Structure formats: structure tokens, C-alpha cells
Amino acid sequence: MSIKKQKRKGAKRGVGPIVEIIIFALVAAVVGLLFSLLGASGYKTDVKGLETTLISVNNIFSKTGIKHILNNSLVNFQTLEPLVMLLMSLIAVSILEASGLLKQIFSPLKKWKSKYVTLLVMFIGIISTIIGDYSYAMLLPIAGILYKYSGRSSSLGVLTMFIAITIGYGTGLIYNYEMYQLGTITELSAQSIITSYNYDLLSNIFTLIISTVILTIVGAFMLEKFSKRFSRNEETDNLNISTKASKITLIAFIIMTLVFIYSIIPGLPHSGLLLDKTAPTYIAKLFGSSSPLNQGLMFLIIAILMVCGFIYGTVSRNIKNSDDYSKAFTKTFEGTGYVFALLFFASILYGIIDWTHIFEVISTNIIDFIGSGSASGVVLVILIFLTIVLISVFIPSTLAKWELMSPIYVPLLMRANISPAFTQTIFLAADSVGKLFSPIYVYLIITIGFMYKFDNDSNISIIGTMKKIMPIILILSLTWIVIILGWYLLGLPIGINSSITL
């Protein structure tokens, strides 16, 4: 290749992800400065007492702001929730990969048509939200390995899983603890209008099941078209595949799974060990903040996978001694340094956003503006959906966002004869879409890091990746709007003993 061509090729490389995050942080800091000088503020309504609190934008360039950033730069990184989950999940995935068990499971997928692999990954990603954010930590690296052994691009696998899990936060076949928490907030907000209102977890079950099926099919179709942009990976390891090892491992896994299931069933002799027996509902017993299952889920997963990896690796001779077994715990960590570098700079960005209150103030003003309007019917539903999407770009946190919105949006839609349960359905749908549009969403940043791990020669960036997947995001957004409006216009029941109207 000539020097001119090399220079031209190099010129095409855009801004790297770390520099993008630094730019996002600088933009947030400057916007915070401007808003602070303008005296921008907003009112946050407490969902429990319905009392309002004035929020003002802080200037990060002030003496207090600079001290805050310097004093908390390491603390913000250390307390970044995905960091610990990611470290623990990589230990679990490492032993599975090094033992050859993942190769045993995924290699048969080479014989599948690619569209069926995409459909499977899309479905698994959507329903995996039952375990909350653990789904990202566990499944993003596994998706890359799955695509490698099925003869496809690992980067595509990681991206496919990210899209599936993110859109899955608006739906899913099984309720998770986050939905329980959202329902509690919805109930409190609705009681400002109807004091006897109670939210039932099965209020949205029909919309969840139908939307899961539709979004799985639509997402898989779009991603299959998108996959043509990615080159295939070649499998390079020489790990053994053993039918005998897989049978013994399966027996061990079934035994451990049965023990696990017994430990989360209440009322049986010596059962319920992993439940918080003081919680009011079964979902809260499972995933409440004091639940042994919630607190120890990653440890339990790692323990089960350690045993499975050891059994398979030993029988298949992929792990020959204790030294091999020890090294196996770091297999998937290879090439992940970029992920942790991205997270460090992202923690600084989030620290600036959190301390300045920029997006919180912007969001409260948008919410108050919509709340003071006179729209109704389809127009109101669309406005609510779009504003939730917009705010989700700036505030990806589902619970933080709903605490801001529900005291205004739930009563507003109740006055328009729309039930709180359907309002929560709209919120969940728009929240999942908004996260896909957000360049500051922490799990998008982690996704970019894993894409680098599996394909470090590619010109991968946050904005560049978002541009590539924008057609998919737009189609999934449109699909959600059609589902929401279709349900609203047809007046279909959204759950057991639950309808769109009051």
C-alpha cells in the first residue's frame, strides 16, 4: 500500500471512545456553567409526600466544584455499580471459556442459519432482564464468544446482545424487582387521585408477553440485515470437545439448579434459604435489597459455573492440573483493559452530571411543561412517550427517572382516563428506547469496550456505533409506538383484570 493511501486510510479514523467521553464531560461542565450563570432551576416532586423541592444547577468550574471532582474522582470509579458486576461476571465466563464448555455449547450453532442465531440471541437478551443489570455483565462477553464459535463476528454478537437487553427493559416474559419498584412508585403517585388505588404486578402481563414476541422478531430481522456489515471471525483455539464431559457436567448442573430452585421456594421443609422472608411480596422476597438472593446472586452464579467449568475442563483434558484451573479464571480478562479504562473516564462524566444537576433540572422543566398542557387522547400518549425517550437520553437510570416523572405523569394521564398500569407500560417502552439513543448510557460504553476486545483493529467509536445502529433503533422505536397506540386505540386489556382506562 502506498504512503498516500495509508495516510488517507488513517485520516478516516474518527475520535476514539475515551476522547469522546472526555468531550461529553467538558460539554456537560460548560453547559452546567452556562445554566448556573442563567440561574436555571426546576422543581422536583417527592413521590411519597408529594412535596416539591427546588433544584438548581451547580457550576463545576467553581472552587467547590473543582474540589468535588478532585476529592471524588476515585470514589466515583470505585462505587460505579457495573464495575464490580463486570469483574465478577468475567471470572465466571473465564472458567467456562477456558474449560471448553462454551465451545461445546456454541459450536453446533455453526450449522444453524444465521437468522436463527440472531433470533435466539435477541430472545435471550430480552428475557434476561429478569436478573436486572447482571444480564449485561454476564451476557455481553458470552455473546461475543457465542458468535465466535458460530462463525460470526464477535463484535456483532456483543452489539446484538446490547440492543436485545436494552429494548428488553421495556418488556420481558417475567417480572423483575425493578418492575416491582416501579409499580410501588406508580401506586403512590396514583393515590394522589384515587386514594384506594393498588398496583398489581400482573396489570401489564399481556402487553409484556405480546411485545416480547413482536420485538424479538422485528429486532432479529433488522439485526440480520445489519450483520452484513461485519466480517466473520475464524475460530483459532484448540480446545477439546467431549461428549462424556458434557453429560457429566449437565448432571452436576441439574443437581445444583434443583438445589437452587428449592432454596427460593417458600413454605417447604428447610426451603427459602435465599429469600427475604420479611418482604411483602414474592418478587420482593427474591430481589429485595435485603434478599440473600439479590445480594449473593453473582457469587452463586460464579460458584455454579466454577464447578461446571472444573468438571468439564478436567474430564475433557482442557484443564490438566490446578495451575491450569487457576489460570482459567483470567481467560476472558484478556483484552478487557480498554473496558475498565472507559469506565474510569465515564465515572468522571457521571460525577459531573450528578453534581451539577444539569439533566435533572432540564428534565423537571420538560415534565412540568407537559403536565401544564391540555393535550389528550392519542396526542397525549405520543407526547408522553416522546418526552420519556428524550429524558432517557440524559438520565438513563430507570428508577431515578420514574421518581421524577410519576408524580406528574400518572395523575395527568388518570385525568385523561388512562390507567396508571398503562402509563407504566408507556414509560417502560419509552425508557428502553431512550437508553438506545443515549451516548452516555454506561452499558453502551461497556459494549464499546467489548467490541474493542473482540475486534481491536476496527475503528469503533460511541457516536460511530450509534450511527451504524440508528436504523435499527428507529425501527424498534416505531414498533413500540405502534404497539402502544394499537393497544390504546383497540382498547385491549393490558393484563389480568387490568385495562387501559380507569
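**Examining the overall build of the chain**
- Helices and strands together make up the secondary structure of the chain, namely 21 helices and two strands.
- Relative to its length of 502 residues, the chain is compact, with a C-alpha radius of gyration of 24 Å against a globular reference of 23 Å.
- Across the 502 residues in the chain, those meeting the buried criterion constitute 53%.
- Expressed as a percentage of contacts within the chain between residues at least 6 apart in sequence, the contacts between residues at least 24 apart total 79%.

**Regarding the nonpolar core**
- In this structure, Phe-162, Ile-163, Ile-167, Leu-343, Ile-384, Ile-446 and Trp-480 are the most contacted members of the largest nonpolar core, which totals 156 residues.
- At 12 residues, helix α7 (residues 134-149) tops the list of elements feeding residues into this core.
- Those residues in contact with Ile-167, other than ones at most four positions away along the chain, are Met-122, Ile-126, Leu-215, Ser-432, Val-433, Leu-436, Leu-476 and Trp-480.
- Listed in part, the six residues of the second largest apolar core include Ala-98, Ile-319, Tyr-325 and Ala-328.

**So, the pattern of salt bridges**
- Tallied over the full model, the rule gives six salt bridges.
- Salt-bridge contacts for Asp-323 lead to Lys-327; the nearest nitrogen and oxygen are separated by 3.3 Å. Of this pair, Asp-323 and Lys-327 both sit in helix α14 (residues 322-328), four residues apart, which is roughly one turn of that helix.
- Residue class for Asp-323 comes out partly exposed when judged on its relative accessible area of 41%.
- Each of the salt bridges in this network shares a partner with another, and the network as a whole consists of Lys-401, Asp-431 and Lys-435.

**So, the packing of helix α15 (residues 337-356) against helix α20 (residues 442-454)**
- Contact pair α15 / α20: the axes reach a minimum separation of 8 Å and the direction vectors enclose 155 degrees. As far as their axial angle goes, α20 and α15 are roughly antiparallel. α15 and α20 meet at a crossing whose hand is right-handed. Here α15 contributes Tyr-338, Val-339, Leu-342, Leu-343, Ala-346 and Tyr-350 to the contact with α20, which in turn contributes Val-442, Ile-445, Ile-446, Ile-448, Gly-449, Phe-450 and Tyr-452.
- Looking at the contact of α15 with α20 residue by residue, the class counts come to 12 nonpolar, one polar and no charged.

**Here's the deal with helix α8 (residues 154-168)**
- With 15 residues, α8 ought to run about 21 Å at 1.5 Å a step, and its terminal C-alpha atoms sit 21 Å apart, in line with that.
- A large share of α8 lies buried, amounting to 15 of its 15 residues.
- The backbone nitrogen of Ser-155 lies 3.4 Å from a side-chain oxygen of the residue at the head of α8, namely Ser-153.

**What about the packing of helix α18 (residues 398-415) against helix α19 (residues 420-437)?**
- As a packed pair, α18 and α19 sit with axes 10 Å apart at the nearest point and diverge in direction by 140 degrees. When the interaxial angle is binned, α18 and α19 end up oblique. Like other packed secondary-structure pairs, α18 and α19 cross with a definite hand, here right-handed. The residues of α19 that touch α18, namely those facing Thr-398, Lys-401, Trp-402, Met-405, Tyr-409, Val-410, Leu-413 and Met-414, are Pro-420, Thr-423, Gln-424, Phe-427, Asp-431 and Lys-435.
- Across the contact of α18 with α19, the residue classes tally to eight nonpolar, three polar and three charged.

**Examining the packing of aromatic side chains**
- The full count for this structure, using the stated rule, is 15 aromatic pairs.
- Taken together, a centroid distance of 6.0 Å and an interplanar angle of 15 degrees make the contact between Tyr-136 and Tyr-169 stacked. Taken together, the residues span a long stretch of sequence, with Tyr-136 in helix α7 and Tyr-169 in the loop between α8 and α9 (177-190) at a distance of 33 residues. Each member of the pair, Tyr-136 together with Tyr-169, is buried.
- Ring centres of Tyr-338 and Tyr-452 lie 4.3 Å apart, and the angle between their planes is 20 degrees; this geometry places the pair in the stacked category. In this pair, Tyr-338 sits in helix α15 while Tyr-452 sits in helix α20, placing the two residues 114 residues apart along the sequence.

**Topic: empty space enclosed by the protein**
- Counting across every chain of the model gives two cavities of 30 Å³ or more.
- Computed from the structure, the largest cavity encloses a volume of approximately 40 Å³.
- Residue lining of the largest cavity: Val-381, Ile-382, Phe-385, Ile-481, Ile-484 and Leu-485, and that is the complete set.
- Considered class by class, the residues forming the lining of the largest cavity number six nonpolar, no polar and no charged.
- When its volume is computed, the second largest cavity comes out at roughly 30 Å³.
- Along its surface, the second largest cavity is lined by Ile-69, Asn-72, Ser-73, Asn-76, Ser-347 and Ile-348.

**Structural notes on the side chain of Thr-45**
- Examined against the element boundaries, Thr-45 turns out to sit in strand β1 (residues 41-45).
- Setting aside chain neighbours within four positions, we find Thr-45 in contact with Leu-50, Glu-51, Thr-52, Glu-403, Pro-407 and Ile-408.

**Some remarks on helix α6 (residues 114-127)**
- Relative to the 20 Å expected for 14 residues at 1.5 Å per residue, α6 spans 20 Å between its end C-alpha atoms, a close match to the ideal helical length.
- Here α6 has its buried residues at Val-117, Thr-118, Val-121, Met-122, Gly-125 and Ile-126. Seen from one end, α6 has its buried residues packed into an arc of 160 degrees, which puts them on one side.

**Topic: a nonpolar patch on the surface**
- Residues Trp-112, Tyr-116, Leu-119, Phe-123, Ile-124, Leu-173, Ile-174, Ile-209, Ile-210, Val-213, Ile-214 and Ile-217 make up a contiguous nonpolar surface patch of roughly 1,000 Å² in combined accessible area.
- The set of elements that each furnish at least two residues to the nonpolar patch consists of α6 and α10 (205-226).
- Looking at the nonpolar patch element by element, the count peaks at five residues for α10.
- Tracing the backbone shows Trp-112 in the loop between α5 (101-106) and α6.

**Observations concerning the environment of Trp-480**
- Along the polypeptide, Trp-480 turns up in helix α21 (residues 462-490).
- Given a relative accessible area of 1%, Trp-480 falls into the buried group.
- In this structure, Trp-480 is in contact with Ile-167, Gly-170, Thr-171, Ser-211, Leu-215, Phe-385, Ala-429, Ser-432 and Val-433, ignoring residues within four places of it in sequence.

**Overview of the environment of Leu-156**
- The topology assignment puts Leu-156 in helix α8.
- Leu-156 sits in the buried class, given a relative accessible area of 2%.
- As for Leu-156 and Ala-143, which are separated by 13 residues in sequence, their C-alpha atoms are 8.7 Å apart.
- Not counting residues within four places of it along the chain, the set of residues in contact with Leu-156 comprises Tyr-147, Phe-226, Ser-227 and Phe-230.

Basis of the calculations
Residues numbered from 1 in each chain as written. Predicted model: local features only at pLDDT ≥ 70, side-chain atom pairs only at ≥ 80, totals over all residues. Heavy atoms only, no water. Helix = DSSP H or I, 4+ residues; strand = E, 2+ residues; numbered from the N terminus. Rg over C-alpha atoms; globule rule 2.2 N^0.38 Å. Buried < 20%, exposed > 50% of the residue type's maximum accessible area, 1.4 Å probe, protein only. Contact = heavy atoms within 4.5 Å. Core = buried A, V, L, I, M, F, W, Y, C linked by side-chain atoms within 4.5 Å. Salt bridge = Lys/Arg side-chain N within 4 Å of Asp/Glu carboxyl O. Axes fitted to C-alpha atoms, helices over the stretch in contact; angles between N-to-C directions. Parallel < 35°, antiparallel > 145°, perpendicular 65-115°, else oblique. Left-handed = near helix turned anticlockwise from the far one by under 90°. Nonpolar A, V, L, I, M, F, W, Y, C, P; charged D, E, K, R; others polar. Expected span 1.5 Å × (residues − 1). Polar contact = N/O pair within 3.5 Å; in protein donor to acceptor, adjacent residues only side chain to side chain. Phe/Tyr/Trp six-rings, centres within 6.5 Å; stacked < 30°, edge-to-face > 60°. 1 Å grid on protein atoms, 1.4 Å probe; cavity = no way out; pocket = protein on both sides within 12 Å on 5 of 7 lines; lining within 4 Å. Points joined across faces, edges and corners; volume = space filled by probe spheres on them. Arc of directions from axis to C-beta. Patch = residues over 30% accessible without salt bridge, like charges linked within 9 Å, V, L, I, M, F, W, Y side chains within 5 Å. Areas by Shrake-Rupley, 256 points an atom, 1.4 Å probe, with all protein chains shown as cover.

Purely geometric numbers; function is a separate question.
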